[in-house]
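Fold and contact review
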Amino acid sequence: MRVPRRPLALALAVVTALGVFTTPAAGAATKKGVSVNNHPGVATALVDVRAGWYYTWASDTQGVTTPAGVEFVPMIWGAGAVDDAQLARARSLGTTLLAFNEPDLAGQAAMSVEQALSLWPRLQATGMRLGAPAVAFGGDRASGWLDRFMSGAAARGYRVDFIPLHWYGSDFSTAATGHLQSYVQAVYNRYHKPIWLTEYGLIDFTGSQPRYPDQAQQSDFVRRSTAMLNGLSYVERFAWFSLSTRTTPTGLYDGATPNATGVAYRSVP
């Protein structure tokens with residue numbers, strides 16, 4: 001997504017790190033997650049939203065305190081993050097690894113397929129469950145970035161355990177859920193691997209400036225889309241973009257206070 005890469009914070013205290021391996025707390029969903037930047041109120045909001053997992057676009061929590069029973073999922077954001085220290089940090093804080101954020105976009109990880117494949121053995125060597133690079137779009141396209149990566153990984157015998165996807169809808173009507181489902185289904189049909197929808201929401205990027213839905217449109221989409229995603233057995237996890245309105249206008253919380261979309265997402269089982 002269009003979130004600037006942030007400097008890595010120091011690793012959390014051991015007690016916090018151990019928290020990522022606990023059983024999800026009562027009332028917390030394990031499929032429902034959220035992306036998080038460390039803004040004021042984030043600790044309260046992360047507890048209140050009742051997500052089972054979260055990530056920060058980094059190999060550590062960026063100073064965010066992991067609530068008891070909530071899983072932190074580390075990410076190796078791009079080529080510059082493939083080093084021993086960050087890989088070891090990720091391994092110490094989680095059991096699943098997200099890889100390479102939107103490598104098909106110049107403003108994000110901006111990696112060629114060949115570069116990603118050359119670095120893949122380093123990620124695979126962590127022994128963690130490993131997600132494919134999360135492309136910004138076109139995950140279902142023949143000869144697209146993800147398709148070429150998956151073909152190259154298969155040819156080299158590399159391991160890819162699931163497919164993370166990003167999706168943003170420019171149609172703010174009730175048809176949006178069907179558009180999302182069609183994309184997720186098409187990617188699953190192509191690779192037959194579990195899907196993690198690690199970024200999604202309603203944002204229209206077709207004009208010179210992004211266009212956003214109102215709270216009523218967004219809340220309705222949250223209810224419809226999460227019901228759909230929870231009903232798809234091959235979708236293992238999903239994460240709304242994002243927890244805070246300081247990260248994006250589609251955020252769920254203003255500081256520690258949920259807006260209408262946050263209330264809707266919080267109620268998702």
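It should be noted that the structure appears before, not after, this text.
Residues numbered from 1 in each chain as written. Predicted model: local features only at pLDDT ≥ 70, side-chain atom pairs only at ≥ 80, totals over all residues. Heavy atoms only, no water.

1. As for the overall build of the protein chain
Quick reminder of the rule: Helix and strand labels come from DSSP, where a helix needs a run of H or I of at least four residues and a strand needs a run of E of at least two; each type is numbered from the N terminus. Remark: exposure states derive from per-residue accessible area (1.4 Å probe, protein chains only) relative to the maximum for the residue type, with buried under 20%, exposed over 50%, and partly exposed in between. For this analysis, residues touch if any pair of their heavy atoms sits within 4.5 Å. Areas reported as accessible are Shrake-Rupley estimates using a 1.4 Å probe. Residue values count occlusion only from the protein chains shown.
In terms of helices and strands, the protein chain carries eight helices and eleven strands. Considering the protein chain as a whole, with its 269 residues, one finds that 55% of them fall into the buried category. In the protein chain, the share of contacts with a sequence separation of at least 24, taken over all contacts with a separation of at least 6, comes to 68%. Surface summary for the protein chain: the accessible area is close to 10,500 Å², and the carbon and sulfur share equals 53%.

2. Some words on the sheet that holds strand S4 (residues 75-76)
Threshold: Pairing between strands is defined by DSSP: at least two bridges between the two strands are required.
Sheet architecture is open: three strands sit in the order S4-S5-S6, paired in parallel fashion. Every other strand in the sheet has two partners, leaving S4 and strand S6 (129-134) as the edge strands with one partner each. In this sheet, S6 lies alongside strand S5 (residues 96-101) in parallel orientation, the contact comprising four bridges. Bridge pairing links Asn101 to Ala134 in S6.

3. A word on the packing of aromatic side chains
Basically, it comes down to this: What counts as a ring pair is set by centres within 6.5 Å for rings of Phe, Tyr and Trp (its six-membered ring), and what kind of pair is set by the plane angle: stacked under 30 degrees, edge-to-face over 60, tilted for all other angles.
Per the stated rule, a full pass over the model turns up 18 aromatic pairs. Look at Trp53 and Tyr55: their rings are 6.0 Å apart centre to centre, the planes differ by 15°, and that puts the pair in the stacked class. Of the residues examined, Tyr55 reaches a relative accessible area of 0% and is grouped as buried. A ring pair is formed by Trp120 and Phe149, whose centres lie 4.9 Å apart and whose planes are at 70°; its orientation type is edge-to-face. Of this pair, Trp120 sits in helix H4 (residues 113-124) while Phe149 sits in helix H5 (residues 145-156); the two residues are 29 residues apart in sequence, bridging distant segments of the chain. The exposure classification of Trp120 matches that of Phe149, with both residues buried. Within the aromatic cluster, the residues linked to one another by ring pairs are Trp53, Tyr55, Trp57, Phe162, Tyr168, Trp196, Phe205 and Phe241.

4. Observations concerning the environment of Asp220
Applied cut-off: Polar contacts, as counted here, are pairs of nitrogen or oxygen atoms within 3.5 Å of one another; within protein the pair requires one atom able to donate a hydrogen and one able to accept it, and residues that are adjacent in sequence qualify only if both atoms are side-chain atoms.
Mapped onto the elements of the fold, Asp220 is located in helix H7 (residues 215-230). Classification of Asp220 by relative accessible area gives partly exposed; the value is 23%. When the C-alpha positions of Asp220 and Ser173 are compared, they lie 9.2 Å apart, and in sequence the two are 47 residues distant. Engagement of the side chain of Asp220 in a polar contact is seen with the side chain of Arg224, the distance being 2.7 Å.

5. Overview of the nonpolar core
In a soluble, globular protein the nonpolar side chains are often hidden away together inside. For clarity, the cut-off: In these notes, a set of buried Ala, Val, Leu, Ile, Met, Phe, Trp, Tyr and Cys residues joined through side-chain atoms within 4.5 Å is what counts as a nonpolar core.
In this structure, Phe100, Leu123, Phe149, Ile163, Leu180 and Leu243 are the most contacted members of the largest nonpolar core, which totals 80 residues. Sequence-distant contacts of Leu243, that is, excluding residues within four places in its chain, are made with Val34, Ser35, Val36, Val42, Ala45, Leu46, Val49, Gly251, Leu252 and Tyr253.

6. Describing the pattern of salt bridges
The criterion, for reference: Salt bridge, as used here: a side-chain nitrogen of Lys or Arg that lies within 4 Å of a carboxyl oxygen of Asp or Glu.
Scanning all chains against the criterion turns up eight salt bridges. The residue Asp147 makes a salt bridge to Arg190 at a minimum N-O spacing of 2.9 Å. Linking Asp147 in helix H5 with Arg190 in helix H6 (residues 176-191), this pair joins segments that are 43 residues apart in sequence. Taking the relative accessible area as the measure of exposure, Asp147 reaches 11% and is therefore buried. The exposure class assigned to Arg190 is partly exposed, which follows from its relative accessible area of 36%. A salt bridge links Arg159 to Asp161; its shortest N-O distance comes to 2.5 Å. Judged by its relative accessible area of 26%, Arg159 is partly exposed.

7. Description of H5
Here is the rule: Between the first and last residue of a helix there are one fewer steps than residues, each counted as 1.5 Å, and that sum is the expected span.
The end-to-end C-alpha separation of H5 is 17 Å, in line with the 16 Å expected for twelve residues at 1.5 Å each. Listing the buried residues of H5 in full gives Trp145, Leu146, Asp147, Phe149, Met150, Gly152 and Ala153. One or two steps after H5, the chain reaches Gly157, where phi turns positive at roughly 75°.

8. Quick look at the sheet that holds strand S7 (residues 163-169)
Note the threshold: Fitted lines through C-alpha atoms give the axes, limited to the stretch in contact for helices. The angle between two N-to-C directions lies from 0 to 180 degrees.
Pairing is parallel in the open sheet, where six strands are placed in the order S3-S2-S1-S9-S8-S7. Here the strands that pair on one side only, and so sit at the sheet edges, are strand S3 (71-72) and S7. Pairing between strand S2 (residues 53-55) and S3: two bridges, direction parallel. If you follow Trp53 over to S3, its bridge partner there is Glu71. Where H7 meets the sheet, its contacts fall on S7, strand S8 (195-202) and strand S9 (235-240), and the angle it forms with S8 comes to roughly 165°.

9. Considering the packing of H6 against H7
Heads up, the rule is: The cut-offs work like this: below 35 degrees is roughly parallel, past 145 is roughly antiparallel, 65 to 115 is roughly perpendicular, and the gaps in between are oblique. Crossings are assigned a handedness: left-handed for a near helix turned anticlockwise from the far helix by less than a right angle, right-handed for a clockwise turn. Residues are grouped as follows: Ala, Val, Leu, Ile, Met, Phe, Trp, Tyr, Cys and Pro are nonpolar; Asp, Glu, Lys and Arg are charged; all remaining types, including Gly, are polar.
Packing of H6 against H7 brings their axes to within 9 Å, and their N-to-C directions diverge by 30°. Relative to H7, the element H6 lies roughly parallel. Between H6 and H7 the crossing geometry is right-handed. Listed contacts from H7 to Ala176, Thr177, Leu180 and Gln181 of H6 are Phe221, Arg224, Ser225, Met228 and Leu229. Classifying every residue of the contact of H6 with H7 gives five nonpolar, three polar and one charged.

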